[in-house]
Structures are given as C-alpha cells and as structure tokens.
Amino acid sequence: ERNKQYAVQIEIYLARAFNLVNTDDDDEALSFEGTVPAHFYGEMAKTEFGCHVLQEKGHFIEFAEFIRQHMLEHEDLEIIDKLKSVLWAVGNIGATPRGLQFLEDQEIIPTILEIAEGSLVLSVRGTCFFVLGLISSTPQGAEILDDYGWEATMSPLGATTGLCVPSTLDRFISLPPYNPLTLEQPPPILPALPTQAEREVMNCIHNLANTVIANAASRTLARYKSRPETRGVFSSIRLFDRALQALSSQRYRLPVRRYVFELFDVRFD
C-alpha cells in the first residue's frame, strides 16, 4: 500500500511541476523542487543493517519477479499501477551503492531498460525514465547504464546528477504504428430513429467527433438534457445503442466518450 501511495504522490508532484493540474485553490499544494521524496526502501538501502533486513525479508526478490512477470502489461490498470509502484521502490533502492547490489544480483536493470524502450504505456515508460535516473545517481550505476547505451549526466565537477538519457533517443520515444481494425464487411445500414428529438441528439453526438463543431454540439446536448420535455430521450435504449455504435465506428477523444456515456440514464438490471 505504501509503495502505491508513493507512486501516486510522485505523479501528483509531476503533474503540478508540469502545470497539468490547477493548484490555485489548493491550500495544501505540494511543492516540487526536482528531487523525489524519501522512500522507505531507499532509506533502508542506505545502511548495512537495512540491507541485511531487506535481504532477509526477500522483498526485493518479490519486486524483481513482479517486474519480470508483468513488464509489458498494457491493459490491466491495477497491475500497471502496481508495476509503477514497484519500479519506484526498486529505483530508490538502486540509488545507493549498497542497494545497487540487489539490482545486480537479480539482473533487473536490463529488464527495466526493456520496459523503458518497449512498454505500450507511456506513463510506465516515464516511470522507468525516472527510475533509471535514480540508478544513475551513483558512479557504479552510471557505469552499468553506460554499458547499455544510457548516459548519465554529470555536473562540471564530475558528480552524477540523477538524470540519465539514452544515447539513441529513438529507442525511448518510438512507438509501434497503430493499425486500426478493418471490417470484413461494411456495417449494416441502421433504420432512422423514430422521433425528431432522438434524431437531433444523435446528430449532435456524431458532431462531437468533429473538433470544429463539437462545442456547439455539446451545448445543444446540454440543453436537451436540461429540459424536462426532452431529457427523456436519454433513457432510450434504442438511442443509447445507436450512440454506442457511433462511438465504436468514429474517432472520439476519451473525455468526449465519457461525456456521451454520462448523458444517458439507462439502467441495466
């Protein structure tokens, strides 16, 4: 649980650092100065006794096994979240000379590099990027990563800075091309909706896929939803089915898809 909480805290830090969330009204806004907060396992790895306990409990072996087992997971959100939290734990352990030995013993660094260069989940790649930076924060870690083509940045005095980048950037930022599914036969022609209100609502839902007229379509849908005489159409199974077919055959952004789902008051019982 604490590993998961740490990963969430880090992602909130990053979102605020990159101005992805509004903190104007947040009295408890977290400040982020570019260094990660202390991690329980990272602090343990700083002392000989802590490393002894870590070795005795076998937690690191569990972490390494979980990473190897789920390294390329891209569908199960719960596993993806746990994978990121475990990666942060391993990275913080590897940020110390004593802790780095755990990573070498389990030969987990090549696996982390493979995730960074091959995962289909960009937030997992980003997590690996920061984790590799933690590993590169010791001279030994920087040397290991250099053997794999990842270069640790150095200060003018030669000290590691905790930032590591691939010598060939394409290895990190390339994604496989998206190949949309093609239907073996064209979709069936659907009969016209029986009421004017349903037809107009469906027309607006189609228009949401067009960024030029999406705002006007959204306002029209909001008016239909707010008026007592027209809001009943959003309880229509027939109209909901037609909306789902539109979502499956046209390109909608994720927020728009959520908006369409939230419009309907269809109960499944």
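None of these values were measured; they are calculated from a predicted model.

Here we take up the overall build of the protein chain. Counting its regular elements, the protein chain contains 14 helices and two strands. Relative to a compact globule of 269 residues, whose C-alpha radius of gyration would be 18 Å, the protein chain shows 25 Å and is clearly more extended. Considering only C-alpha atoms, the protein chain reaches an extent of 75 × 50 × 40 Å along its principal axes. For the protein chain, the proportion of contacts with a sequence separation of at least 24, taken over those separated by at least 6, is 60%. Of the roughly 16900 Å² that the protein chain leaves accessible, carbon and sulfur atoms contribute 54%. Across the protein chain, the mean location of the 24 positive side-chain charges is 12 Å away from that of the 36 negative side-chain charges.

One finds V90, I112, I135 and W150 to be the most contacted residues of the largest nonpolar core, which totals 47 residues. Per element, the largest residue contribution to this core is eight residues, and it comes from helix α5 (residues 77–94). In this structure, I112 is in contact with L87, V90, C128, V131, L132 and I135, ignoring residues within four places of it in sequence. Counting residues in each nonpolar core, the second largest holds 23 residues, with F240, Y252, L263 and F264 among its members.

Right, let's talk about the side chain of T138 for a bit. On the secondary structure map, T138 appears in the loop between α8 (122–135) and α9 (139–147). A polar contact of 3.0 Å, which involves the side chain of T138, links it to the backbone nitrogen of G141. Among residues more than four places away in sequence, those in contact with T138 are A95, T96, P97, L100 and T160.

Attention now moves to α5. One turn of an α-helix holds 3.6 residues; hence residues three or four places apart share an orientation. With 18 residues, α5 should cover 26 Å at 1.5 Å per step; its first-to-last C-alpha distance of 26 Å lies within 8% of that length. α5 sits mainly inside the fold: 13 of its 18 residues count as buried. Sitting at the head of α5, D76 places a side-chain oxygen 3.0 Å from the backbone nitrogen of E78.

Let us look at the domain arrangement of the protein chain. For an interface, size is often stated in terms of accessible area lost upon the parts coming together. Assigned domains within the protein chain: domain 1 (1–173) and domain 2 (196–263). On a C-alpha basis, the centres of domain 1 and domain 2 stand 42 Å from each other.

Turning to the environment of A222, a few remarks are in order. Structurally, A222 is set in helix α12 (residues 214–226). Along the chain, A222 and E56 lie 166 residues apart, while their C-alpha atoms are 60 Å from each other.

Summarizing the sequence annotation, UniProt attributes the feature "domain: Rapamycin-insensitive companion of mTOR" (unreviewed entry) to residues 80–152 in the numbering used throughout. Helix makes up 79% of residues 80–152 and strand 4%. Its end C-alpha atoms lie 27 Å apart.

A few words now on the pattern of salt bridges. Following the criterion strictly, the structure yields six salt bridges and no others. Across the salt bridge formed by E43 and K46, the nearest N and O atoms sit 3.0 Å from each other. Taking relative accessible area as the criterion, E43 reaches 39% and is therefore assigned partly exposed. As a salt-bridge pair, D265 and K225 come within 2.9 Å of each other at their nearest N and O atoms. Taken as a pair, D265 in the segment after α14 (254–263) and K225 in helix α12 lie far apart in primary sequence, 40 residues in all. Classification of D265 as partly exposed rests on a relative accessible area of 44%.

Relative to strand β2 (residues 160–166), strand β1 (residues 150–154) is paired through four bridges, and the arrangement is antiparallel. When the bridges of β2 are listed, A152 appears paired with C164. The turn linking β1 back onto β2 is made up of five residues, and G158 within it adopts a positive phi angle of 90 degrees.

About the thresholds
- Residues numbered from 1 in each chain as written.
- Predicted model: local features only at pLDDT ≥ 70, side-chain atom pairs only at ≥ 80, totals over all residues.
- Heavy atoms only, no water.
- Helix = DSSP H or I, 4+ residues; strand = E, 2+ residues; numbered from the N terminus.
- Rg over C-alpha atoms; globule rule 2.2 N^0.38 Å.
- Contact = heavy atoms within 4.5 Å.
- Areas by Shrake-Rupley, 256 points an atom, 1.4 Å probe, with all protein chains shown as cover.
- Lys, Arg positive; Asp, Glu negative; His and termini not counted.
- Charge placed at Lys NZ, Arg CZ, Asp CG, Glu CD.
- Core = buried A, V, L, I, M, F, W, Y, C linked by side-chain atoms within 4.5 Å.
- Buried < 20%, exposed > 50% of the residue type's maximum accessible area, 1.4 Å probe, protein only.
- Polar contact = N/O pair within 3.5 Å; in protein donor to acceptor, adjacent residues only side chain to side chain.
- Expected span 1.5 Å × (residues − 1).
- Domains from an automatic or database assignment.
- UniProt positions renumbered as here; feature names shortened; annotations may be inferred.
- Salt bridge = Lys/Arg side-chain N within 4 Å of Asp/Glu carboxyl O.
- Pairing = 2+ DSSP bridges.

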